[in-house]
Amino acid sequence: MKIPLSRLREYVDIDLPYQKLAHRLTMSGNEVGEIEVIGSTWDKIYVGHVVKIEPHPNADRLRLATVSLGEYELTVVCGAPNLSPGQRIPLAEVGARLIDARTGTAETLKAAAIRGVQSEGMVCSERELGLGEDHTGILVLPEDAPIGTPLSEYLGDVIFNLDITPNRPDCLSVIGIAREISALTG
């Protein structure tokens, strides 16, 4: 059974590092088989706000997006059809590690001139972040996403894969595991 740490925190205050929490759960009889850390590789990726979009001077399908990170703005070249002004989106700065949508391997984002215009970063799809397979457009975040916040803080999470034994049906839900954690941590 997979349970996100963010869901557990809705029910119980957890101040232990996730590794120690996993150890305590395992010692209580609820074995944590695997821990998946979403966003652990999202360095230099932030929540951005699309300020304006202009046509690319040398390409029909590409556009120039001005994206604000709060303290400063970057201009990126983008070909995604779903990008529009006012959206909150993930923005990767030069040096970020992203998954190449074509090859599926992680690569470091480099500064590039695309058809004669310098792109200072990249707006990201689900596939480039490793969140899913959708690469048809940019991942659009909720309107209340805080601009300039590292994406790992906003979307990152820890997923525990628990192996619940048949004698513990009380632990077959998020609330059941939250109660177990409450009992284990006081």
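(A) Structural context of the environment of D13. Locating D13 in the fold gives a position in the loop between α1 (5-8) and α2 (18-27). With 42 residues separating them along the chain, D13 and P55 place their C-alpha atoms 49 Å apart.

(B) Spatial organisation of the environment of T185. As for its placement among the helices and strands, T185 is situated in helix α5 (residues 174-185). Along the sequence, T185 and P150 sit 35 residues apart, while their C-alpha atoms lie 29 Å from each other. When neighbours within four sequence positions are excluded, T185 is seen to be in contact with L16 and R24. At 2.8 Å, the side chain of T185 and the backbone oxygen of I181 are in polar contact.

(C) Representation of the layout of surface pockets. The volume enclosed by the largest pocket comes to roughly 800 Å³. Along its surface, the largest pocket is lined by 31 residues, and R102, L109, M122, E128 and H135 are the ones closest to its centre. Of all elements in the fold, only β5 (73-78), β7 (97-99), β8 (106-108), β9 (112-114), β11 (121-123) and α3 (126-129) reach the threshold of two or more residues within the lining of the largest pocket. The greatest single-element share of the lining of the largest pocket, amounting to 3 residues, is contributed by β11. Its residues placed into classes, the lining of the largest pocket shows 16 nonpolar, 8 polar and 7 charged.

(D) Representation of the nonpolar core in the model. Core analysis: the biggest nonpolar cluster contains 18 residues, and L8, L21, F160, I177 and I181 have the highest contact counts within it. Elements represented by at least two residues in this core include exactly α1, α2, β12 (157-163) and α5. Among the elements that take part in this core, α5 stands out by supplying 4 residues, more than any other. Sequence-distant contacts of L21, that is, excluding residues within four places in its chain, are made with L5, I14, L16, F160 and I181.

Scoring rules and cut-offs
- Residues numbered from 1 in each chain as written.
- Predicted model: local features only at pLDDT ≥ 70, side-chain atom pairs only at ≥ 80, totals over all residues.
- Heavy atoms only, no water.
- Helix = DSSP H or I, 4+ residues; strand = E, 2+ residues; numbered from the N terminus.
- Contact = heavy atoms within 4.5 Å.
- Polar contact = N/O pair within 3.5 Å; in protein donor to acceptor, adjacent residues only side chain to side chain.
- 1 Å grid on protein atoms, 1.4 Å probe; cavity = no way out; pocket = protein on both sides within 12 Å on 5 of 7 lines; lining within 4 Å.
- Points joined across faces, edges and corners; volume = space filled by probe spheres on them.
- Nonpolar A, V, L, I, M, F, W, Y, C, P; charged D, E, K, R; others polar.
- Core = buried A, V, L, I, M, F, W, Y, C linked by side-chain atoms within 4.5 Å.
- Buried < 20%, exposed > 50% of the residue type's maximum accessible area, 1.4 Å probe, protein only.

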